[in-house]
2 protein chains.
Amino acid sequence: MLGGYFGKIINIDLTEEKVEIEELDEKLLKKYLGGSGLATKILYDETDGDTEPLGPENPLIYMTGPFTGTKVPVSGRHQIVAKSPLTDIFGEGDAGGRWGQGLKKAGYDGVVVRGRASKPIYIWIKEKEIKILDGKEIWGLDTYETDRRIKEKHGEACITSCIGPAGENQVLLASIMHDGSDARAVGRCGLGAVMGSKNLKAIVVEGTVATPVVDREALTISLKQEVPKIVEKTKGLKLLGTSGGTVMSEELGDLPIRNFKQGNWDKVEGISGQRMAETILKKNYYCGSCPIGCGREVEITEGAYRGVKGAGPEYETIGMIGSNCLVEDLEAIAYAGEMCNRLGMDTISVGAVIAFAMELYEHELLPKDSLGDIALTWGNEKAVIALIEKIAHKEGIGELLALGTKKAAERIGGIASEFAIHVKGLEAPAHDPRAFNSLAVGYATGNRGACHLQGASYFFEKTATMPELGYTEPQDRFATEGKGILNYHSQNIMGLMDSLKLCKFGIYGGINLTMMLEWIHHVIGWEMTVEELLETGERIFNLKRMYNVKCGISRKDDILPMRLLSQPRRDTGTGSNLAPFGKMLNEYYEARGWDDLGIPTEATLQRLQLKNE
Amino acid sequence: MLGGYFGKIINIDLTEEKVEIEELDEKLLKKYLGGSGLATKILYDETDGDTEPLGPENPLIYMTGPFTGTKVPVSGRHQIVAKSPLTDIFGEGDAGGRWGQGLKKAGYDGVVVRGRASKPIYIWIKEKEIKILDGKEIWGLDTYETDRRIKEKHGEACITSCIGPAGENQVLLASIMHDGSDARAVGRCGLGAVMGSKNLKAIVVEGTVATPVVDREALTISLKQEVPKIVEKTKGLKLLGTSGGTVMSEELGDLPIRNFKQGNWDKVEGISGQRMAETILKKNYYCGSCPIGCGREVEITEGAYRGVKGAGPEYETIGMIGSNCLVEDLEAIAYAGEMCNRLGMDTISVGAVIAFAMELYEHELLPKDSLGDIALTWGNEKAVIALIEKIAHKEGIGELLALGTKKAAERIGGIASEFAIHVKGLEAPAHDPRAFNSLAVGYATGNRGACHLQGASYFFEKTATMPELGYTEPQDRFATEGKGILNYHSQNIMGLMDSLKLCKFGIYGGINLTMMLEWIHHVIGWEMTVEELLETGERIFNLKRMYNVKCGISRKDDILPMRLLSQPRRDTGTGSNLAPFGKMLNEYYEARGWDDLGIPTEATLQRLQLKNE
């Protein structure tokens, strides 16, 4: 018996209206694990640099991991992969919530959607019953409403992954949302636009099939031992959510303020998780199989922003829509965040593109007639809210901003690119590489662009450890030596977790490689060594890189925006620190076994069994 | 009496066939000195970001300085300024030789050519006699032949500035050449293409007017004292020319090898100035009023490259066409250099674009059918020679390469930009910012792009001094602190020298700010302080920056190619050194009084009296 997997993915061709079940062989699963790794392999095989991300030839790949559907902690997640229309390179995102477990309960490991439907549709998956259904009545609805209507029709047990109006309109910042007002987002890379380009409104899953586990008893014993420790170590996250770190982030110089230009900000306490706990927080939220519960559920019952009810803003939303735009009203941020959730847009990129627009406005570089009567001044929450609506519908200035910062800046020309804080087209999230040197390399080399989660090296410059690699205490965040190697390791580990489908916050809870191996053994039945596991993570990372190489990516693209590279924050947390970029990147390339162009060498591909992929 | 200047420039409109003499007022001269400064002011006033560099609205501005035509040492130079078609920003170059002195002898400080002639013409300037003459018979000739034919017609006393076939064909690497086979080049920024776009083949000057000098006696006394010291300090340059430093450059890690990718090269002695002196060197060459005589005159009388006669290759030609392409035969380099001189192309950009093409060829990224039967392998001198011909005539692959590395890479797409070693579109010359940290900032912020002469900060990391600024001994080339400030000073000084029209090698001869002030006093009659002089240099630099700001330039463009930023040479001279770019750039911006976007602040513009320019 092989646990963890059903060994089955659903292939759906919307053009041909065909559904096929594909069996997966163990060799492939062992090589790519699932989730991000397996989905990348499919994308890599089917597309390349010439593939039009919004064309029918771009597959939209949903994939769970071997732990999804089990009781392994923080395993309630799934991955979505496609070529990104925002960046035109490798694109992916993952979400918690219950959808991944729902697909597993239907008896499948993944769904790959190809082609394009001739009219709006949605996909219904309930065990053997897989249907392409008419989506006319839900097309145009926001994501909360879509979920409600689907539940009204199919019952409360089903779980929905869907797009909102932004995805329908192929806004390049569009997300794919899950679980209705619990709002678990696959936010990054504009994958909602890919879904929209297929006329695919939703994928709904339901079932009662249990994920097979090879040694359920041994797993139970292990979890009994480990889970309480995880709960203990992450109780801050439970209490205050991700935004519990906002004040500390400002102190460290990590929080983006005024489009990454300002160093300190005395309004930070007003938008913190602490403030949220004192005001609009109703309770915390747990994804499937999660013992941490960092999610927030909020409600606003009075004032200008009354009506907000459901998922509260994460740290990223607070950083990007709040401090990065100088919006200081937490309720306004929560409202804007819910708008993004409902309309189906990535709060990170939306916050970034609004801050970008505000700086353009400050310099009088925005096309005036496209703004209407909006005064796009820093901190103007009403303007932020107006812009979110415009972006989702590509109205006026929204048409430009719906392209994301890189493409919008290119269209404007001149110095506009100065304000576009992105790498490879993906907007930088709410962490600053001037506060954590390692993040400079992580942002520059993340396969989906500027991302805090594909490497998350800064975890190890904060409190996280990974004893098997010798990271037993926090690394010096301002050091130079070792940061390339740290990224090499942390990217490999994060890729592993994206493939096994484990939430990265598990690392703060003490999840390490040894635990992963133990759970792999209990759930799947494989005996792997630490070295084999790390090599698998490395293989997955390199396959993504090779995909990007097919798209024209090389060392020239592994760079930071000049603001982050050469302009100090001058704050109390980082002073004049600037990451010594060249030295770290070079160490990183060496650790990776990439040539001077940033391309994996033949020897590296050979070592990772990627030579003939 | 005001010395140094006639206060007269010739305005020629080729479209209208009109010639006018314009009087200059002293206030303007004092503000911008002449040469580069004054020409920039004209360009700044007449053009902007929308100006088409190859359109009739782009003025081609020839300008001498107050010292041109006097006996002030190293003053036999003139500047040419226009918007660059290679980079689409500020463009300039200067040349030694005799043309600048020739224009002064005709009684003028400058010539500004506007518009476009309806057929090939050339301009004849002999004191009061200024004519637009039919150029049919010289159109199509190479630059040596053009000079010869003009001398045949007008006599040996005239001096010619002209383009070759490359300029006629509007190759973006086209130079403007002077003095026939003495081949003094305004090489950079593709200004030959601007000249070609005007159907202007040549500007020929002749005359016997003496440049006015306020106190000829005091000047004579000063020169008697200083010139022998300059001669003594620069005798190495006289003996071996600029290429006398080639071997040392390889040792320091400064010489580009294999498109800036390789660290050491054991063939360097074979292409050195020492080897030239032992083989093909006939004598050295002095520009007008120069006591140094670094120019080479060579002759090859047998073998594959026989027929070469005239100007020998400079260090830059040897570095870019030699080591950077791995060409190890000095005679082949001399031959290729003479081809560039005759065809009228910049040897720096030509060497860079060929190395770029070789690396593309190595990676099989060149459009195959455009190459014919050329095997573009490293070191293949026959391929280099074939390519030079093709570029000048835009034949086959030459059409692509005639765009320069940046635009060619953009046209090819994908990773081609990886091999394009340029800043702002101007190919990096034969000095490496990994060998001299200060050069990283200099290349990134040079107003015409990657340039070793607009800042020449590395002079002060070698043997040069500037006592008035406290640079009394060589600076540590691998330091970080102070490099931004060094660039601030050195760029201001180099801008001064480009405006007074002094050769920068004079600094190696000990020319300093005090001497410049003394000569200004004797020649022009002005009493200036060191501070005023430096402020003038700063004003000139900032006016160029403001021009570029009009063209959309900002901090985002002040960057190095990734190869130079993050890939160590790993050689005996630099080891793993990589310039800590961000910190230095930031120090530089502060020294400059620029805002975080790299734009001079209001206060800076006010201080430099640039507010209303």
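Residues numbered from 1 in each chain as written. Chains lettered and ligands numbered in written order. Predicted model: local features only at pLDDT ≥ 70, side-chain atom pairs only at ≥ 80, totals over all residues. Heavy atoms only, no water.

### Observations regarding the overall build of chain A
Broken down by element type, chain A carries 24 helices and 17 strands. Each of the three principal axes of chain A carries a C-alpha extent, and together these read 65 × 55 × 50 Å. Each of the 613 residues in chain A was classed as buried or not, and the buried ones make up 68%. Sequence separation of at least 24 residues holds for 71% of the intrachain contacts in chain A that already meet a minimum separation of 6. If you sum the accessible surface of chain A, you get close to 19,500 Å²; carbon and sulfur atoms cover 48% of it. The positive charge centre, built from 71 side chains, and the negative charge centre, built from 85, are 2 Å apart in chain A. (Helix = DSSP H or I, 4+ residues; strand = E, 2+ residues; numbered from the N terminus. Buried < 20%, exposed > 50% of the residue type's maximum accessible area, 1.4 Å probe, protein only. Contact = heavy atoms within 4.5 Å. Areas by Shrake-Rupley, 256 points an atom, 1.4 Å probe, with all protein chains shown as cover. Lys, Arg positive; Asp, Glu negative; His and termini not counted. Charge placed at Lys NZ, Arg CZ, Asp CG, Glu CD.)

### What to know about the side chain of S75 of chain A
Residues and elements named next belong to chain A. You can see S75 is positioned in the loop between β3 (60-63) and β4 (78-83). On the accessibility criterion, S75 (0% relative accessible area) is buried. If sequence neighbours within four positions are ignored, S75 has contacts with F67, T68, T70, G288, S289, K501 and L502.

### Some details on the packing of helix α18 (residues 483-500) of chain B against helix α23 (residues 581-592) of chain B
Residue and element names in this part refer to chain B. Close contact between α18 and α23 brings their axes to 7 Å; oriented N to C, the two are set at 50 degrees. Classified by the angle their axes make, α18 and α23 are oblique. Along this stretch, α18 crosses α23, giving a crossing that reads as right-handed. Residue-level inspection shows K483, G484, I485, N487, Y488, Q491 and N492 of α18 in contact with α23, the latter providing M584, E587, Y588, A591 and R592. (Axes fitted to C-alpha atoms, helices over the stretch in contact; angles between N-to-C directions. Parallel < 35°, antiparallel > 145°, perpendicular 65-115°, else oblique. Left-handed = near helix turned anticlockwise from the far one by under 90°.)

### Quick word on the interface of chain A and chain B
Each side of the interface is counted separately: chain A has 34 residues, and chain B has 34 residues. Between chain A and chain B, the buried area comes to about 2,700 Å², and carbon and sulfur atoms account for 62% of it. Remark: the boundary between chain A and chain B carries two salt bridges. A salt bridge links R570 of chain A to E590 of chain B; the shortest N-O distance between them is 2.1 Å. Among the secondary structure elements, those contributing two or more residues to the side of chain A that touches chain B are α22 (562-566) and α23 (581-592) of chain A. Here the side of chain A that touches chain B is built from residues that sort into twelve nonpolar, eleven polar and eleven charged. (Buried area = accessible area lost by both parts, 1.4 Å probe. Salt bridge = Lys/Arg side-chain N within 4 Å of Asp/Glu carboxyl O. Nonpolar A, V, L, I, M, F, W, Y, C, P; charged D, E, K, R; others polar.)

### Section: the sheet that holds strand β12 (residues 200-206) of chain B
The strands making up a sheet are joined through hydrogen bonds of the backbone, oriented either antiparallel or parallel. Residue and element names in this part refer to chain B. Judged by pairing direction, the sheet is mixed, and its six strands sit side by side in the order β8-β7-β12-β9-β10-β11 without closing on themselves. The open sheet has two free edges, formed respectively by β8 (129-134) and β11 (184-186), since each of these has just one partner strand. Each strand of the sheet is rotated relative to its neighbour by a mean of 20 degrees, with strand direction disregarded. Pairing geometry for strand β9 (residues 159-162) and strand β10 (residues 176-178), over two bridges, is antiparallel. When the sheet's bridge partners are listed, C162 is paired in β10 with M177. (Pairing = 2+ DSSP bridges.)

### Comments concerning the pairing of strand β8 (residues 129-134) of chain A
For a regular strand, the rule is simple: side chains alternate between the two faces of the sheet. Residues and elements named next belong to chain A. Sheet analysis places strand β7 (residues 121-126) next to β8, joined by six bridges and oriented antiparallel. Considered in β8, the bridge of Y122 is made with L133. Between the end of β7 and the start of β8, which pair antiparallel, lie two residues, with E127 showing a positive phi angle near 55 degrees.

### A short note on helix α2 (residues 35-46) of chain B
All names here are of chain B. Taking 1.5 Å of rise per residue, twelve residues should cover 16 Å, and α2 covers 17 Å from first to last C-alpha, within 8% of that figure. Taken across its twelve residues, α2 has ten buried, putting it largely inside the fold. Turning to α2, its buried residues number three or more, namely G35, S36, G37, L38, A39, T40, K41, I42, L43 and Y44. (Expected span 1.5 Å × (residues − 1).)

### Observations regarding the nonpolar core
In this structure, I125 of chain A together with I125 of chain B are the most contacted members of the largest nonpolar core, which totals 399 residues. If we ignore the near neighbours within four places in the chain, the residues touching I125 of chain B are I10, L103, A106, Y108, V111, I130, I203, V204, V205 and E206 of chain B. (Core = buried A, V, L, I, M, F, W, Y, C linked by side-chain atoms within 4.5 Å.)

### Points about helix α17 (residues 437-445) of chain A
All names here are of chain A. In terms of burial, α17 is largely enclosed, as nine of its nine residues are buried. Looking at α17, one finds that the buried residues are N437, S438, L439, A440, V441, G442, Y443, A444 and T445. Next to the buried residues of α17 lie β16 (422-423), α18 (483-500), α21 (530-550) and α23.

### Some words on the pattern of salt bridges
Residues and elements named next belong to chain A. For the coordinates displayed, the defined rule picks out 78 salt bridges over all chains. Note that E613 and K31 form a salt bridge whose closest N and O atoms lie 3.2 Å from each other. Residue E613 is found in the segment after α24 (602-607), and its partner K31 is found in helix α1 (residues 26-32); the two are separated by 582 residues along the sequence. Linking E602 and K611 is a salt bridge whose minimum nitrogen-to-oxygen distance equals 3.3 Å. Taking the relative accessible area as the measure of exposure, E602 reaches 51% and is therefore exposed.

### Here we look at the domain arrangement of chain A
Residues and elements named next belong to chain A. By the assigned domains, chain A splits into domain 1 (8-206), domain 2 (239-427) and domain 3 (437-607). The straight-line distance from the C-alpha centre of domain 1 to that of domain 3 is 26 Å. Counting each side, the surface lost to burial between domain 1 and domain 3 is near 3,200 Å², with a carbon and sulfur contribution of 70%. Interface area lost by domain 1 to domain 3 is led by L33, Y44 and F67, which between them contribute 23%. Where D94 meets K501, a salt bridge forms, and the shortest distance between an N and an O atom there is 2.8 Å. Those elements that provide at least two residues to the side of domain 1 that touches domain 3 are α1, α2 (35-46), β4 and β5 (90-95). It is α2 that contributes the most residues to the side of domain 1 that touches domain 3, seven residues altogether. Its residues assigned to classes, the side of domain 1 that touches domain 3 shows 14 nonpolar, 16 polar and eleven charged. (Domains from an automatic or database assignment.)

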